[in-house]
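Given next are the chains, with one letter for each unit.
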Amino acid sequence: GGATAGQFCVTDARCQAGINVDGFMFGDILDNNLQVPFMFFHSSNPGVQPVGALFFDWAENDAYMLQIADASHHDLGAPAPTGRPIIFQLLTGFGQFPDGAYLAQIMNEYIVAFFDKHLKNEPAPLLDGPPPYPEVQLFMKKDGS
């Protein structure tokens, strides 16, 4: 999903904005910087730089990088009320975020704010100030700087 969004945004002029939810990036984005607004969500891996950090650094437009404390890759995939994505919960029990509904609320608010701002040209105060959620670290770049 996220790699496809990045690939689409660097190779197709129809892309106006994109999001990668804790996915790996590969394809033409390795050789072409993002020219459109892009948001990266990342799980919590203490001491490990998020995969999207390099592409965030290279972005030549507005870019956002969110890291959510105590959220695993599996949690970000499809939060269930238990904090674990339903498929992974059934198969493996993976996931560590304690409240999936709360995590879904955080993700939904940021995703809607991002697309409201970059596709509808509407104000998105959530993206302009410090995060109202203590679990969220938000890094922002305006116009690639």
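If you're wondering where the values come from, they're calculated on a predicted model, not measured in any experiment.

A. Representation of the sheet that holds strand 4 (residues 136-141) within the structure. In spatial order, the strands read 1-2-3-4; together these four strands make up an open sheet with mixed pairing. The strands lining the two open edges of the sheet, one partner per strand, are strand 1 (18-21) and strand 4. If you compare each strand with its neighbour and ignore which way they point, the axes differ by 10 degrees on average. Taken together, the five bridges between strand 2 (residues 38-42) and strand 3 (residues 63-68) define a ladder with parallel strand orientation. Bridging across to strand 3, Phe38 finds its partner in Ala63. Docked against the sheet, helix 5 (residues 100-119) engages strand 1, strand 2, strand 3 and strand 4, running at close to 175 degrees with respect to strand 3.

B. Main features of the confidence of the model for the protein. Taken as a whole, the protein shows an average pLDDT of 79; of its residues, 77% reach a score of 70 or greater. Per-element confidence in the protein is highest for strand 4, whose mean pLDDT is 91, and lowest for helix 4 (residues 86-91), whose mean pLDDT is 45.

C. Here's a closer look at the pattern of salt bridges. Tallied over the full model, the rule gives four salt bridges. A salt bridge links Arg14 to Asp12, with the shortest nitrogen-to-oxygen separation between them at 2.6 Å. Look at Arg14 and you get exposed, because its relative accessible area is 64%. Across the pair Asp116 and Lys120 runs a salt bridge, and its minimum N-O distance is 3.6 Å. Of the residues examined, Asp116 reaches a relative accessible area of 18% and is grouped as buried. Taking the relative accessible area as the measure of exposure, Lys120 reaches 55% and is therefore exposed.

D. Fine view of the nonpolar core. Counting 21 residues, the largest nonpolar core has Met39, Phe41, Leu66, Ile68, Tyr110, Leu127 and Val136 as its most contacted members. Those elements that provide at least two residues to this core are strand 2, strand 3, helix 5 and strand 4. The biggest single contributor to this core is helix 5, with six residues. Each residue touching Tyr110, except ones within four places of it in the same chain, is listed here: Met39, Phe41, Leu66, Leu126, Leu127, Pro131, Pro132, Tyr133, Val136 and Leu138. One finds Val10, Cys15, Ala63 and Met65 within the second-largest nonpolar core, a separate group that totals 16 residues.

E. Up close: the pairing of strand 3. Within strand 3, six of the six residues are buried, leaving the element largely enclosed by the surrounding structure. In this sheet, strand 4 lies alongside strand 3 in antiparallel orientation, the contact comprising six bridges. Note that in strand 4 the partner of Tyr64 across the bridge is Met140.

F. How the structure looks around the packing of aromatic side chains. Under the counting rule described, the total for this entry stands at five aromatic pairs. Ring centres of Phe55 and Trp58 lie 6.0 Å apart, and the angle between their planes is 85 degrees; this geometry places the pair in the edge-to-face category. Here Phe55 pairs with Trp58, and both are found in helix 2 (residues 53-58), just three residues apart, close to one helical turn. On the numbers, 5.8 Å between centres and 70 degrees between planes, the contact of Tyr102 with Tyr133 is edge-to-face. One end of the pair, Tyr102, is in helix 5; the other, Tyr133, is in the loop between helix 5 and strand 4, with 31 residues separating them in the sequence. Tyr133 gets classed as buried once you look at its relative accessible area, which sits at 8%. Clustering of aromatic rings is evident, with ring pairs tying together Tyr64, Phe114 and Phe115. One cation-aromatic arrangement involves Lys141 over Phe56; the distance from NZ or CZ to the ring centre is 5.8 Å.

About the cut-offs
Residues numbered from 1 in each chain as written. Predicted model: local features only at pLDDT ≥ 70, side-chain atom pairs only at ≥ 80, totals over all residues. Heavy atoms only, no water. Pairing = 2+ DSSP bridges. Helix = DSSP H or I, 4+ residues; strand = E, 2+ residues; numbered from the N terminus. Axes fitted to C-alpha atoms, helices over the stretch in contact; angles between N-to-C directions. Contact = heavy atoms within 4.5 Å. pLDDT = per-residue confidence, 0-100. Salt bridge = Lys/Arg side-chain N within 4 Å of Asp/Glu carboxyl O. Buried < 20%, exposed > 50% of the residue type's maximum accessible area, 1.4 Å probe, protein only. Core = buried A, V, L, I, M, F, W, Y, C linked by side-chain atoms within 4.5 Å. Phe/Tyr/Trp six-rings, centres within 6.5 Å; stacked < 30°, edge-to-face > 60°. Lys NZ or Arg CZ within 6 Å of the ring centre and 35° of its normal.

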